[in-house]
Amino acid sequence: MENQKVKRNVSVRAICFTAIMAALIFVFTFTFKIPLGTGYTHLGDSIIFLSIALLGSKKSSLAAGIGAALADLIGGYAAWIAPTFFIKLIMVLICGVFAEKLIKNKIAGFVVGAILGGVFQIVGYTVTKLVMYDKAYALTTLPELVIQTVVGIAVALVFIVIFDKTKVTEKLRKMAE
């Protein structure tokens, strides 16, 4: 058998940036809780959406899944680890398809992608609650989830616009490659 060199598409720097974003997502999900009705909302989604602009959807999807799932683990919501991981990961991939591939205008692509990814998140968590709990709980927590998603998109959009105008996004993307 010949020795074959395996081409690696991921740099150590990219892994580090992804890990940093996962840590920030964890911190903003776990630490900055805002009590609402039957539970709480958080600012983690704003960092998730921001990470798409800074890292791209492939790296951000892992950061989002890992960071948010870790917040569930540490926060005592073990039953939510797997659903959160996959819901956040898919939400980011949906957003990324529009922001990076389908719509040429960066901001418009992000907004459309974030809205569609956010809708997926809302539906995903609601269906999961229907399966894990019941219809009453799923529908009662729906407004909280919508607020969390909308606030996450709005906060991220403010930073994305600022970062794009100051060329921070471009510099961080190059560094994270």
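The structure contained in this document is the topic of the report that follows. Predicted model, so just to flag it, every value in this text is computed and none were measured. (Residues numbered from 1 in each chain as written. Predicted model: local features only at pLDDT ≥ 70, side-chain atom pairs only at ≥ 80, totals over all residues. Heavy atoms only, no water.)

**Overview of helix H5 (residues 106-132)**
Inclusion rule: The way it works is that DSSP assigns letters per residue, a run of H or I at least four long becomes a helix, a run of E at least two long becomes a strand, and they are numbered from the N terminus. The span expected for a helix works out to 1.5 Å for each residue beyond the first. Polar contact is defined as a pair of N or O atoms within 3.5 Å, subject to the rule that within protein one atom must be able to donate a hydrogen and the other to accept it, and that residues adjacent in sequence are counted only when both atoms are side-chain atoms.
Taking 1.5 Å as the rise per residue, H5 with 27 residues should run 39 Å; its terminal C-alpha atoms sit 38 Å apart, in good agreement. In this structure Asn105 caps H5, since a side-chain oxygen of it lies 3.0 Å from the backbone nitrogen of Ile107.

**Side note on a nonpolar patch on the surface**
For the record, the criterion: Patches draw on residues past 30% relative accessible area with no salt bridge. Two like charges within 9 Å are joined, as are two nonpolar side chains (Val, Leu, Ile, Met, Phe, Trp, Tyr) within 5 Å. We get accessible surface area from the Shrake-Rupley algorithm with a probe of 1.4 Å; when it comes to residues, only the shown protein chains can shield them. The term salt bridge refers to a side-chain nitrogen of Lys or Arg lying within 4 Å of a carboxyl oxygen of Asp or Glu.
Together, Ile115, Val119, Val123, Val127, Leu130, Val131, Met132 and Tyr133 give the surface a local cluster of nonpolar side chains, amounting to about 710 Å² of exposed area. Inspection of the secondary structure assignment puts Val127 in helix H5.

**Some thoughts on the environment of Asn105**
Short version of the rule: Only protein chains enter the area calculation, which uses a 1.4 Å probe; residues under 20% of their type maximum are buried, those over 50% are exposed, and those in between are partly exposed.
Position of Asn105 among the secondary structure elements: in the loop between helix H4 (81-102) and H5. Taking relative accessible area as the criterion, Asn105 reaches 47% and is therefore assigned partly exposed. In the structure, Asn105 is positioned 29 residues away from Asp134 in sequence and 41 Å away in space, judged by C-alpha atoms. A polar contact is formed between the side chain of Asn105 and the backbone nitrogen of Ile107, at a distance of 3.0 Å.

**Considering the pattern of salt bridges**
Applying the stated criterion across every chain yields a total of 1 salt bridge. A salt bridge links Lys88 to Asp45; the shortest N-O distance between them is 2.5 Å. Separated by 43 residues along the polypeptide, Lys88 in helix H4 and Asp45 in helix H2 (residues 44-55) bring together distant segments of the chain. Assigned by exposure class, Lys88 and Asp45 land together as buried.

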